[in-house]
Amino acid sequence: MFNKEFLWGSSTNAQQFEGGYDKGSKGLSIADVRVIPNAAAEANFDDFKQASNHYEHYKEDIAYYHQMGFQIYRLTMAWTRIYPNGDDGEPNQEGIDFYSNVIDELLKYNIQPVVTLYAYDLPYHLVEKYNGFLSRDCIDEFLKYVRTVVTAFKGRVKYWVPFNEQNLLMFDTLYMTGYKCRDRQESFTVEHHMNLAYARCTKLIHEIDHQAKTGGNIGNICPYPATCRAEDVEACEEYKYLVGYNYGDVYVRKMYSGFYLKSLEKLNLDQIILPGDLDIIAQAEPDFLSLTYYHSSIVKDEGKEKLLSASNRKAVNPYLKQTEWKWNIDPYGFKHFVKDYYHRYQIPILILENGYGYRDVPDEDGNIDDGYRIEFLRDHILRMKEMVEEGVDIIGYLTWSAIDLYSTREGFNKRYGFVYVDKNDDFKRIPKKSFYWYKKVIETNGEEL
């Protein structure tokens, strides 16, 4: 049973949803110039610049959120709408006005905005200038942007998340930050600088708005050992620390664990972690931890150099069904994942993303019967209900995604939304079957599934 304070809604992401890359005096971000290696040719990633064109459809989109009954909605802000080059002397008022209008529209319908401040769209100029977060200078530029938007929207935004899935940096620094790290020395440098930015960001948010809540985000699989061999179990445990717990320790315990530092002992850490840095991390002020979950995986002992390989992060479990993209469909994995983090950190949890990607195709009448998405979400919500009944403190549940948007490597081939977007018909919006189902879920506070 969910209590009356439980919040239902969904999420989007500016670089995949907003579009309008050349409108409102916005600057170029790394998303606007991004090339996706090995992407399906038909995905046409030039359309990241248009995405779902939420920039021109935000009132229509938010009206759909209202129709579904959203109580909470996560958006991300494009840094380059506020500071087009990242290091501008003054903010871009057109960008502030756009997000102010979006927030006002949400609040008109009593929908609480959750704002993620950075999601893979660094100002391209900062990459050209000093390789983005490889430089400490980028921390100060980020905090200037944070100060500007938190001040501008004080009292209107209750929940802030500094970085999206920051724990996945080690897998793809190019996509996430615009700079392709040459080695682990560089990638941990980027991680550390973003950890410093996270800690300072949480403190800054509270200084500006005492009522606001903030916390880190972990996006992860639920890892299982591939067999009961001790070697596979050990590899699975090590994976949990390297990809998840080490970041939870920074976000919530406000420290680098001894385990993590041990894994980095071959690096020149004294060149990365400078005097005073650990004190900065220790002064972080988290109120919650947000989690993103899509699937589980099985982890094999293939040697330390392959521990974090795709063969472990996206391995097929023969006991589960998979999506077209070979992601294991695992509602229990969701429960295991969330309970694990709650029991470890004893801090309220916000589910930031959970969803099912599919090649949704309208029938001859233009309808989209996405019963597979309803089944996926129903099974995960049932598991979430078990978590709550077992004592897990969950603030709310945000699906991915509210409306169709561009998936990171599959474009509109892989859709997640409750509302279909037809980019060939002036970005026409069409509610899917799941739209009406989720509306009923929210109306009944999760009782009618």
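Right above here is the structure, for reference.
Below, the structure is looked at part by part. (Residues numbered from 1 in each chain as written. Predicted model: local features only at pLDDT ≥ 70, side-chain atom pairs only at ≥ 80, totals over all residues. Heavy atoms only, no water.)

### What to know about the overall build of the protein chain
Then, number 1: A count of helices and strands for the protein chain gives 15 helices and 13 strands.
Then, number 2: Within the span of the protein chain, comprising 449 residues, buried residues form 60% of the whole.
Then, number 3: Summing over all exposed atoms, the protein chain offers an accessible surface of approximately 17800 Å²; the carbon and sulfur share of this is 48%.
Then, number 4: Charge centroids of the protein chain, computed over 53 positive and 68 negative side chains, lie 2 Å from each other. (Helix = DSSP H or I, 4+ residues; strand = E, 2+ residues; numbered from the N terminus. Buried < 20%, exposed > 50% of the residue type's maximum accessible area, 1.4 Å probe, protein only. Areas by Shrake-Rupley, 256 points an atom, 1.4 Å probe, with all protein chains shown as cover. Lys, Arg positive; Asp, Glu negative; His and termini not counted. Charge placed at Lys NZ, Arg CZ, Asp CG, Glu CD.)

### Things to note about the sheet that holds strand β10 (residues 349-353)
Then, number 1: Sheet architecture is open: nine strands sit in the order β5-β4-β3-β2-β1-β11-β10-β8-β6, paired in parallel fashion. In the strand order of this sheet, the two ends are held by β5 (213-214) and β6 (217-219), each with one partner.
Then, number 2: Against the sheet, helix α4 (residues 93-108) touches β2 (72-76) and β3 (112-118), its axis set at about 170 degrees to β2.
Then, number 3: Where helix α9 (residues 230-253) meets the sheet, its contacts fall on β6 and β8 (289-292), and the angle it forms with β6 comes to roughly 170 degrees. (Pairing = 2+ DSSP bridges. Contact = heavy atoms within 4.5 Å. Axes fitted to C-alpha atoms, helices over the stretch in contact; angles between N-to-C directions.)

### Re the side chain of Glu165
Then, number 1: Looking at the element boundaries, Glu165 is found in the loop between β4 (159-163) and α7 (173-177).
Then, number 2: In this structure the side chain of Glu165 is engaged in a polar contact, spanning 3.0 Å, whose partner is the side chain of Tyr120.
Then, number 3: Ignoring anything within four residues of it in the chain, the contact list for Glu165 reads Tyr120, Met176, Asn217, Gly219, Thr292 and Glu353. (Polar contact = N/O pair within 3.5 Å; in protein donor to acceptor, adjacent residues only side chain to side chain.)

### With respect to the packing of aromatic side chains
Then, number 1: Applying the stated criterion across every chain, the model contains 47 aromatic pairs.
Then, number 2: Ring geometry for Trp8 and Tyr397: centres 6.0 Å apart, planes at 80 degrees, overall edge-to-face. Taken together, the residues span a long stretch of sequence, with Trp8 in strand β1 (residues 7-11) and Tyr397 in strand β11 (residues 394-400) at a distance of 389 residues.
Then, number 3: Among the residues examined, Trp8 registers a relative accessible area of 0% and is labelled buried.
Then, number 4: Between Tyr65 and Phe70 the ring centres are 5.2 Å apart and the planes differ by 15 degrees, which places this aromatic pair in the stacked class.
Then, number 5: Of note, Arg81 hangs over the ring of Phe98, and the distance from its end group to the ring centre comes to 5.4 Å.
Then, number 6: Geometry around Phe171 places Arg313 over its ring, the cationic atom sitting 4.0 Å from the centre. (Phe/Tyr/Trp six-rings, centres within 6.5 Å; stacked < 30°, edge-to-face > 60°. Lys NZ or Arg CZ within 6 Å of the ring centre and 35° of its normal.)

### Some remarks on the environment of Val233
Then, number 1: Residue position: Val233 is located in helix α9.
Then, number 2: Judged by its relative accessible area of 33%, Val233 is partly exposed.
Then, number 3: With 66 residues separating them along the chain, Val233 and Val299 place their C-alpha atoms 8.1 Å apart.
Then, number 4: In this view, Val233 contacts Pro225, Thr227 and Cys228; residues no more than four positions away in its chain are not counted.

### Here we look at the side chain of Asp404
Then, number 1: Of note, Asp404 is situated in the loop between β11 and β12 (419-422).
Then, number 2: For Asp404, a relative accessible area of 0% corresponds to the buried category.
Then, number 3: At 3.0 Å, the side chain of Asp404 forms a polar contact with the backbone nitrogen of Gly417.
Then, number 4: Within the structure, the side chain of Asp404 is placed 2.8 Å from the side chain of Lys432, a separation counted as a polar contact.
Then, number 5: Not counting residues up to four positions away in its chain, the partners in contact with Asp404 are Phe17, Ser52, Phe412, Arg415, Tyr416, Gly417, Val419, Tyr420, Val421 and Lys432.

### Here we look at a negative patch on the surface
Then, number 1: On the surface, Glu234, Asp301, Glu302 and Glu305 cluster together to form a negatively charged patch.
Then, number 2: Mapped onto the fold, Glu305 is located in the loop between β9 (296-299) and α12 (310-313). (Patch = residues over 30% accessible without salt bridge, like charges linked within 9 Å, V, L, I, M, F, W, Y side chains within 5 Å. Salt bridge = Lys/Arg side-chain N within 4 Å of Asp/Glu carboxyl O.)

### A look at a nonpolar patch on the surface
Then, number 1: Nonpolar side chains collect at one region of the surface, where Leu28, Val33 and Tyr124 lie side by side and expose about 230 Å² of accessible area between them.
Then, number 2: Inspection of the secondary structure puts Leu28 in the loop between α1 (14-17) and α2 (54-68).

### Some remarks on the packing of helix α13 (residues 331-345) against helix α14 (residues 371-389)
Then, number 1: Two elements in contact, α13 and α14, have axes whose closest approach is 8 Å; the angle formed by their N-to-C orientations is 35 degrees. For the crossing formed where α13 meets α14, the hand is right-handed. In this structure, α13 uses Pro331, Tyr332, Phe334, Lys335, Val338 and Lys339 to contact α14, whose residues at the interface are Asp379, His380, Arg383, Met384, Glu386 and Met387.
Then, number 2: A per-class count over the contact of α13 with α14 returns six nonpolar, one polar and five charged. (Left-handed = near helix turned anticlockwise from the far one by under 90°. Nonpolar A, V, L, I, M, F, W, Y, C, P; charged D, E, K, R; others polar.)

### Let's talk about the nonpolar core
Then, number 1: If you look at the biggest cluster of nonpolar residues, it comprises 135 residues, and the most contacted ones within it are Phe142 and Met384.
Then, number 2: For this core, the element with the highest residue contribution is helix α8 (residues 184-208), accounting for 11 residues.
Then, number 3: Setting aside chain neighbours within four positions, we find Met384 in contact with Phe2, Phe6, Trp8, Phe334, Ile351, Ile394 and Tyr397.
Then, number 4: Core analysis: the next-biggest nonpolar cluster, separate from the first, contains 10 residues, Ile72, Tyr159, Val161 and Phe288 among them. (Core = buried A, V, L, I, M, F, W, Y, C linked by side-chain atoms within 4.5 Å.)

### Description of the pattern of salt bridges
Then, number 1: Evaluated as defined, the whole model comprises 35 salt bridges.
Then, number 2: Among the salt bridges present, the one from Asp87 reaches Lys129, with a minimum N-O distance of 2.8 Å. With Asp87 in the loop between α3 (79-82) and α4 and Lys129 in helix α5 (residues 124-130), this pair connects stretches of sequence that are 42 residues apart.
Then, number 3: Its relative accessible area of 23% is what places Asp87 among the partly exposed residues.
Then, number 4: Residue Lys129 is classed as partly exposed on the basis of its relative accessible area, which comes to 44%.
Then, number 5: Among the salt bridges present, the one from Lys144 reaches Glu141, with a minimum N-O distance of 3.3 Å. Taken together, the residues span about one helical turn, with Lys144 and Glu141 both in helix α6 (residues 137-152) at a distance of three residues.
Then, number 6: In the salt-bridge network here, residues are joined through shared partners; they are Asp360, Asp370, Arg373, Asp404, Arg415 and Lys432.

### As for the pairing of β2
On any regular strand, side chains alternate: one points to one face of the sheet, the next to the other face.
Then, number 1: For β2, the tally of buried residues reaches five of five residues, placing the bulk of the element in the interior.
Then, number 2: Residues Ile72, Arg74 and Thr76 of β2 are buried on one face, and the alternating residues Tyr73 and Leu75, pointing to the opposite face, are buried as well.
Then, number 3: Judged from the three bridges that link them, β1 and β2 form a sheet pairing that is parallel. Residue Ser11 lies in a different strand from β2, and its bridge partner there is Arg74.
Then, number 4: Looking at chain direction, β2 and β3 are connected through five bridges and run parallel.

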